[in-house]
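These are the residues of each chain, in order.
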Amino acid sequence: MSASSAPSAPPGGIDYVAVENSPPFRELKRRHRRFVWPLTAVFLLWYFAYVLLSSFATEFMATPVSGAITVGLLLGLGQFVTTFAITMWYVWYANHRLDPVSAEIRSDLEKQEAGA
């Protein structure tokens, strides 16, 4: 009994490695990365700036803006606002730029599976 070193095709006959290397899938990954990584970097910089300011610039963060509202409170609330804004932006981006390509890839795979 000898073992074959070549991987066998999965049931349905779809070569998922080939799909992963296909131009539409590579474009999908490129679009996703080009949106997610810069936005992640910007948000992390904003988050760490807030943490560092709250740790090392306490007088600045305690500066009153109006009554009991301080700069630190506004920046802290800004963290929540930017989190929701980024989420909404990503959902919009995914719906308009990622989902159409994803649907096309899925449709092609379903056709391949039905034909096999």
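Attention in this report is confined to the structure presented alongside it. What you see is a predicted model; the values in this text were computed from it and never measured.

The next subject is the pattern of salt bridges. The tally for this structure, following the rule as stated, stands at 2 salt bridges. Glu27 is paired through a salt bridge with Arg30; the nearest N and O atoms lie 2.6 Å apart. Here the residue Glu27 and the residue Arg30 both occupy positions in helix 2 (residues 23-56), the gap between them amounting to 3 residues, near one helical turn. On the basis of relative accessibility, which here comes to 34%, the residue Arg30 falls in the partly exposed class. The shortest N-O distance in the salt bridge between Arg31 and Glu27 comes to 2.9 Å.

Following both chains from N to C, one finds helix 2 and helix 4 (residues 71-115) inclined at 175°, their axes separated by 10 Å at the closest point. Relative to helix 4, the element helix 2 lies roughly antiparallel.

Now for the side chain of Arg31. Structurally, Arg31 is set in helix 2. Residue Arg31 is classed as buried on the basis of its relative accessible area, which comes to 17%. If near-sequence neighbours (up to four positions away) are discounted, Arg31 is found in contact with Tyr93, Arg97, Leu98 and Val101.

What counts as what
Residues numbered from 1 in each chain as written. Predicted model: local features only at pLDDT ≥ 70, side-chain atom pairs only at ≥ 80, totals over all residues. Heavy atoms only, no water. Salt bridge = Lys/Arg side-chain N within 4 Å of Asp/Glu carboxyl O. Helix = DSSP H or I, 4+ residues; strand = E, 2+ residues; numbered from the N terminus. Buried < 20%, exposed > 50% of the residue type's maximum accessible area, 1.4 Å probe, protein only. Axes fitted to C-alpha atoms, helices over the stretch in contact; angles between N-to-C directions. Parallel < 35°, antiparallel > 145°, perpendicular 65-115°, else oblique. Contact = heavy atoms within 4.5 Å.

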